[in-house]
Amino acid sequence: MSLFLTQFHNIAQVLMWLAVLVWMPFLNWDKAYDNTHWRILLNVAQTAQFHDIIFSYKKWVKNNIVQVAARYFIMLIIIYVIFPQCGACYWISAVVVALCLTEITRYGFYTGYCKSLAGALRYNLFIVIMPVNQFTEFMTCYRAFQNTDPTKFAVEMPNAWNVAFYPRWLFL
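Residues numbered from 1 in each chain as written. Predicted model: local features only at pLDDT ≥ 70, side-chain atom pairs only at ≥ 80, totals over all residues. Heavy atoms only, no water.

S.K.: Which residues make up the pattern of salt bridges, and what values go with them?
M.R.: Charged atoms that come close allow side chains of opposite charge to pair. All chains considered together, the criterion is met by three salt bridges. The shortest N-O distance in the salt bridge between Arg 106 and Asp 52 comes to 3.8 Å. On the criterion of sequence distance, the pair formed by Arg 106 in helix H5 (residues 90–111) and Asp 52 in helix H3 (residues 50–57) is long-range, its members being 54 residues apart. Asp 52 matches Arg 106 in its accessibility class, with the two residues each being buried. A salt bridge links Glu 103 to Arg 106, with the nearest nitrogen and oxygen atoms 2.7 Å apart. Remark: Arg 106 and Glu 103 occur in helix H5; sequence separation between them is three residues, near one turn of the helix. Its relative accessible area of 0% is what places Glu 103 among the buried residues. Judged by its relative accessible area of 13%, Arg 106 falls in the buried class. Ionic contacts of the salt-bridge type, sharing partners, join the residues Asp 52, Arg 71, Glu 103 and Arg 106 into one network. (Salt bridge = Lys/Arg side-chain N within 4 Å of Asp/Glu carboxyl O. Helix = DSSP H or I, 4+ residues; strand = E, 2+ residues; numbered from the N terminus. Buried < 20%, exposed > 50% of the residue type's maximum accessible area, 1.4 Å probe, protein only.)

Following this line, the structure appears as structure tokens:
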């Protein structure tokens, strides 16, 4: 049963991320996040990755649960918190393209089909995708930070803890 569930999940993830990637050329890149249907598909694909945490917890896969959970929650923050703050920003599209390529190769490898090609892509494509993804995520966060009220998360003095926090200084 666990093999069937993990295999079904991996194939479904490949198809969902492939659908998100195929839809990309038909969007206005600087307003991609405004497309409701595409955003819903992106959210479903990302939220479905929660199964990875369950599979890791149940020891159905050999992934480290801490690593899987950390990656999942970081991507949740990027998709649900940072993307809406960005407004019209083509960096979102660049992040999603890099994310789609990463997830398609990762889940494609996990399916077990065409293992040599999927393995070669998984272990070599990240050399290009990882720096691109990190740069585009940084630029997306920077753009979101520009559009966010700087006092929204600030803690002013005096307060009970006698501590001040200004997120703009943390980001710089």
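S.K.: Please give an account of the packing of helix H4 (residues 65–86) against H5 that cites residues and values.
M.R.: Two numbers describe how H4 lies on H5: the axes approach to 12 Å, and their chain directions differ by 155°. When the axes of H4 and H5 are compared, the pair comes out roughly antiparallel. The two elements H4 and H5 meet at a crossing, and its hand is left-handed. When H4 is examined against H5, the residues Arg 71, Met 75, Ile 79, Phe 83 and Cys 86 are found in contact with a partner set consisting of Ile 92, Val 95, Val 96, Leu 99, Thr 102 and Glu 103. The residue makeup of the contact of H4 with H5, split by class, is eight nonpolar, one polar and two charged. (Axes fitted to C-alpha atoms, helices over the stretch in contact; angles between N-to-C directions. Parallel < 35°, antiparallel > 145°, perpendicular 65-115°, else oblique. Left-handed = near helix turned anticlockwise from the far one by under 90°. Contact = heavy atoms within 4.5 Å. Nonpolar A, V, L, I, M, F, W, Y, C, P; charged D, E, K, R; others polar.)

S.K.: Which residues make up the packing of H3 against H4, and what values go with them?
M.R.: One way to put it is that H3 packs onto H4 with a least axis distance of 9 Å and a crossing angle of 170°. Judged by the angle between their axes, H3 and H4 are roughly antiparallel. Seen from H3, the contacting residues are Phe 50, Asp 52, Ile 53, Ser 56 and Tyr 57; seen from H4, they are Ile 65, Val 68, Ala 69, Tyr 72 and Phe 73.

S.K.: Requested: an account of the nonpolar core, with residues and values cited.
M.R.: Core analysis: the biggest nonpolar cluster contains 28 residues, and Trp 17, Val 20, Trp 38, Leu 42, Phe 83 and Val 96 have the highest contact counts within it. Among the secondary structure elements, those contributing two or more residues to this core are helix H1 (2–23), helix H2 (36–47), H4, H5 and helix H7 (126–147). Counting residues per element, this core draws most heavily on H5, which supplies eight residues. Membership of the second largest hydrophobic core comes to five residues, among which are Ile 53, Val 68, Tyr 72 and Leu 76. (Core = buried A, V, L, I, M, F, W, Y, C linked by side-chain atoms within 4.5 Å.)

S.K.: Would you mind going over unusual backbone geometry in detail, with residue names and values included?
M.R.: The general pattern is negative phi for most residues beyond glycine and trans for most peptide bonds. One non-glycine residue with positive phi stands out, namely Lys 59, at about 65°. Among the secondary structure elements, Lys 59 is positioned in the loop between H3 and H4. Taking relative accessible area as the criterion, Lys 59 reaches 69% and is therefore assigned exposed.

S.K.: Could you give an account of H2, with specific residues and numbers?
M.R.: With 12 residues, H2 should reach 16 Å at 1.5 Å per residue; the first-to-last C-alpha distance of 16 Å fits that figure. Along H2, the residues classified as buried are Trp 38, Leu 41, Leu 42, Asn 43, Ala 45 and Gln 46. Residues of H2 that are buried make contact with H1, H3, H4 and H5. (Expected span 1.5 Å × (residues − 1).)

This is a description of form; function is not addressed.
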